[in-house]
Amino acid sequence: MTNPARDDRAWIGTRKGLVEMHRRGATWQVARTHFVGDPVTMTLPPAGPGRPMLAALNLGHYGAKLHLSEDEGATWTEVDAPAYPPQPEGAPGPAWKLLQVWALEHADGAVWAGTLPGGLFRSADGGRHWSLVDSLWRRPEREQWMGGGNDAPAMHSICPHPGRPDELLVAISCGGAWKTTDGGQTWALSARGMRADFMPPELAEDQNAQDPHRIVRCAAAPEVLWCQHHGGIWRSTDGGANWHELKAPRSSFGFAVAVHPQDPDTAWFVPAVTDELRIPVDGALVVNRTRDGGKSFETLTTGLPQQDCFDLVYRHGLDVSADGRTLMMGSTTGHLWASGDGGDSWQMVAAHLAPIGTVRLG
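Okay, so let's go over this structure. Just so it is clear, the structure is predicted and the values come from calculations on it, not from any experiment.

Calculation criteria
- Residues numbered from 1 in each chain as written.
- Predicted model: local features only at pLDDT ≥ 70, side-chain atom pairs only at ≥ 80, totals over all residues.
- Heavy atoms only, no water.
- Helix = DSSP H or I, 4+ residues; strand = E, 2+ residues; numbered from the N terminus.
- Rg over C-alpha atoms; globule rule 2.2 N^0.38 Å.
- Buried < 20%, exposed > 50% of the residue type's maximum accessible area, 1.4 Å probe, protein only.
- 1 Å grid on protein atoms, 1.4 Å probe; cavity = no way out; pocket = protein on both sides within 12 Å on 5 of 7 lines; lining within 4 Å.
- Points joined across faces, edges and corners; volume = space filled by probe spheres on them.
- Nonpolar A, V, L, I, M, F, W, Y, C, P; charged D, E, K, R; others polar.
- Salt bridge = Lys/Arg side-chain N within 4 Å of Asp/Glu carboxyl O.
- Core = buried A, V, L, I, M, F, W, Y, C linked by side-chain atoms within 4.5 Å.
- Contact = heavy atoms within 4.5 Å.
- Pairing = 2+ DSSP bridges.
- Axes fitted to C-alpha atoms, helices over the stretch in contact; angles between N-to-C directions.
- Phe/Tyr/Trp six-rings, centres within 6.5 Å; stacked < 30°, edge-to-face > 60°.
- Lys NZ or Arg CZ within 6 Å of the ring centre and 35° of its normal.

A few points about the overall build of the protein chain
If you tally the helices and strands in the protein chain, you get one helix and 28 strands. Over its C-alpha atoms the protein chain spans a radius of gyration of 19 Å, differing by no more than 12% from the 21 Å that the globule rule assigns to 362 residues. In terms of its C-alpha atoms, the protein chain occupies a principal-axis envelope of roughly 55 × 50 × 40 Å. The proportion of buried residues among the 362 residues of the protein chain is 56%.

In structure tokens form, the structure reads like this:
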């Protein structure tokens, strides 16, 4: 591992709690555990010293819960989770009820939350209170959204523009990508070029029918976005207005994607066998990396299991830190790997966690 002087932190959301890890020198170690026994669906690391962090839980029969910490996880307080307004009688689509908080992002002093069933919420006070972005929820196209592996559509990707506070791009499975440039007052579909081969031919290129498993934006070049789609890999260089398909080795199917925060041409993917199987190709866990905008890919294997492997990395299970070299990924079998050299080599840092749904580096 490189960068021996760094003191990095990671928050690993699992089916049985939140695991906080610290890296001192070359070694990652468990520092604390939180919410032991409870499924943690998403975390939001603090945006800076003294800034609150959030943890979202899904307690099944007891509902989705949200907890806030003002001391970087030392103590937690339950706060109001996003809540939908009463559902009008006869309103089409799934029930207007929060099932899960699946995305949390900071942006220009606000916090955004994406949920099942496909709603977007905004908080102006660090996550203590929430308001539904009604302008997107009321779009007539929402009636055609559908669940991609869930009974309800899910908003899983929230991509603020670092230089334009009023611009935001979100992604929904299955409801395409949507963009606002006026702070959420109006929205437009932003999935031109994507293709959903699982749909009938006449709907395959319908922007509202797309299943983008994950979309991420390059911080230093925000017009560049990368998408791991149910049907492959796509990239946009014009802020999401148009998308272009790319082909990776082994498989272009997967859930996770991470982009280098300073280099828009470098991105990482974790391929898998598509649809019902959802396991590594040929039983070998690999990471595909491109460093030329998708013209070519390298398949990275050092330190990863290459036989009899059933690990799947979910859409929020891969993250890259601000240095662009430190990566971490967690799997459905509770294995956790880290890399300090941009993915050239990997080290298993935990082998017996509960199934991992989200990894956040801070």
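Topic: the layout of surface pockets
For the second largest pocket, the calculated volume is near 500 Å³. Elements that contribute at least two residues to the lining of the second largest pocket include exactly β1 (7–14), β4 (40–44), β8 (100–107) and β28 (356–361). Partitioned by chemical class, the residues of the lining of the second largest pocket number eight nonpolar, ten polar and three charged.

Focus: empty space enclosed by the protein
A water-sized probe rolled over the atoms picks out the places where empty space is left. Tallied over the full model, the rule gives one cavity of 30 Å³ or more. Here the largest cavity defines a volume of roughly 40 Å³. Residue assignment for the lining of the largest cavity shows that the elements contributing at least two residues are β8 and β12 (154–160). Within the lining of the largest cavity, the residues separate by chemical class into four nonpolar, three polar and three charged.

Quick look at the pattern of salt bridges
On inspection of all chains with the given rule, the structure shows 17 salt bridges. Residue E70 is joined to R128 by a salt bridge in which the shortest nitrogen-to-oxygen separation is 2.8 Å. Here E70, found in the loop between β6 (64–69) and β7 (77–79), pairs with R128, found in the loop between β10 (120–123) and β11 (131–132); they are 58 residues apart in sequence, far enough to count as distant. Residue R128 is classed as partly exposed on the basis of its relative accessible area of 28%.

As for the nonpolar core
L54, Y84, L104 and W130 are the most contacted members of the largest nonpolar core, which has 19 residues in total. Only β4, β5 (53–58), β6, β8 and β9 (110–116) provide two or more residues apiece to this core. Of all the elements, β6 adds the most residues to this core, at three residues. Dropping the residues within four chain positions of it, Y84 is found in contact with W96, K97, L98, T115, L116, P117, G118, G119, F121, L132 and W137. Core analysis: the next-biggest nonpolar cluster, separate from the first, contains 16 residues, A256, A258, L318 and W346 among them.

Quick look at the sheet that holds strand β26 (residues 336–339)
Spatial ordering of the open sheet is given by β24-β25-β26-β27, a layout of four strands whose pairing is antiparallel. The outermost strands of the open sheet, each flanked by one partner alone, are β24 (318–320) and β27 (347–350). Between one strand axis and the next, the sheet turns through 25° on average, direction left out of account. Note: strand β25 (residues 327–330) against β26, four bridges, orientation antiparallel. Looking at the pairing, G330 lines up with L336 of β26.

Quick notes on the sheet that holds strand β14 (residues 176–180)
Strand order in this open sheet of four strands is β12-β13-β14-β15, and the pairing throughout is antiparallel. Since the sheet does not close on itself, it has two edges, and those belong to β12 and β15 (188–189), each with one partner.

Structural notes on the environment of P92
Relative to the helices and strands, P92 is located in the loop between β7 and β8. Between the C-alpha atoms of P92 and Q144, which are 52 residues apart in sequence, the distance is 9.6 Å. When residues no more than four places from it in sequence are discounted, the contact partners of P92 are Q87, R142 and E143.

With respect to the environment of A31
Looking at the secondary structure, you find A31 in strand β3 (residues 27–34). Given the relative accessible area of 35%, A31 is considered partly exposed. Along the chain, A31 and G148 lie 117 residues apart, while their C-alpha atoms are 35 Å from each other. Aside from chain neighbours lying at most four places away, what touches A31 is E20, M21 and H22.

Some thoughts on the packing of aromatic side chains
Counted according to the given criterion, the structure contains nine aromatic pairs. Centroid distance W226 to F269: 5.9 Å. Interplanar angle 65°. Geometry classified as edge-to-face. Here W226 is found in strand β17 (residues 225–229), whereas its partner F269 is found in strand β21 (residues 267–271), with 43 residues between them in sequence. With a centroid separation of 5.5 Å and an interplanar angle of 75°, the aromatic rings of F253 and F255 are classed as edge-to-face. Take F253 and F255: they sit in the same class, and that class is buried. By the ring-pair criterion, three or more aromatic residues cluster together here, those being Y84, W96, F121 and W137. Across from the ring centre of W112, 5.9 Å away, lies the NZ or CZ of R122, which sits over that ring. Sitting over the ring of W137, R142 keeps its end group 3.7 Å from the ring centre.

Quick word on the side chain of E167
Here E167 shows up in the loop between β12 and β13 (168–173). The exposure class assigned to E167 is buried, which follows from its relative accessible area of 6%. Each residue touching E167, except ones within four places of it in the same chain, is listed here: P160, H161, K179, T180, T181 and R217.

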